[in-house]
Amino acid sequence: MSVEVEQETFTLEEILAVTKDSNKLILWNDDFNTFEHVIHCLMHYLQYSETEASRIAWTVHTKGKCTILEGSFTEVEVYRKILKTEGLTVSVE
C-alpha cells in the first residue's frame, strides 16, 4: 500500500520571514471569490465583525490587497493555510 503526500515548498523569502518579529497575512483580490464568501471567512476564522469584514473585502476589491493579520510567522502561517483551503488568495509578507 502506498500513500501519496503533497509536499509544500517554500521560497527563500518565506523562510527568511520566519526570522522577522512580525509578519503580515495579506488577502489578495481575485476573480472567483464572492464578497459573501470572503466576509464569511474573515468572520468565522479571524473573528472580525461583519462591518470590519465588509470593510476589508471592499479594500481588497478596490486596492487589490489588504493586511488582515499581523503576528508571528507561525500564527500567520496557520491562518494562511486555513484561508487557502477556503479558496482565498493569501500570502505572508
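An unreviewed UniProt entry annotates the chain as ATP-dependent Clp protease adaptor protein ClpS originating from Sphingobacterium cellulitidis.

### Looking at the environment of Tyr 48
Looking at the element boundaries, Tyr 48 is found in the loop between helix H2 (35–46) and helix H3 (50–63). C-alpha of Tyr 48 to C-alpha of Ile 68: the two residues are 20 residues apart in sequence and 9.6 Å apart in space. Residues in contact with Tyr 48, not counting those within four places in the same chain, are Leu 42, Met 43, Ala 53, Ile 56 and Ile 68. In this structure the side chain of Tyr 48 is engaged in a polar contact, spanning 2.5 Å, whose partner is the backbone oxygen of Ile 68.

### Let's talk about the pairing of strand S1 (residues 23–28)
With six bridges connecting them, S1 and strand S2 (residues 65–71) associate as antiparallel partners. Each bridged residue has a counterpart across the sheet, and for Asn 23 the counterpart in S2 is Gly 71. Taken together, the three bridges between S1 and strand S3 (residues 90–92) define a ladder with antiparallel strand orientation. Following the sheet pairing, Ile 26 is matched in S3 by Ser 91.

### So, the pattern of salt bridges
In this structure the tally under the stated criterion is one salt bridge. One salt bridge connects Glu 77 with Arg 80, and the closest N-O pair in it is separated by 2.7 Å. A residue pair is termed a helical-turn pair when its members lie 3 or 4 positions apart in one helix, as Glu 77 and Arg 80 do in helix H4 (residues 73–85) at three residues. Neither residue differs from the other here; Glu 77 and Arg 80 are each classed as buried.

Reading the values: rules and limits
- Residues numbered from 1 in each chain as written.
- Predicted model: local features only at pLDDT ≥ 70, side-chain atom pairs only at ≥ 80, totals over all residues.
- Heavy atoms only, no water.
- Helix = DSSP H or I, 4+ residues; strand = E, 2+ residues; numbered from the N terminus.
- Contact = heavy atoms within 4.5 Å.
- Polar contact = N/O pair within 3.5 Å; in protein donor to acceptor, adjacent residues only side chain to side chain.
- Pairing = 2+ DSSP bridges.
- Salt bridge = Lys/Arg side-chain N within 4 Å of Asp/Glu carboxyl O.
- Buried < 20%, exposed > 50% of the residue type's maximum accessible area, 1.4 Å probe, protein only.

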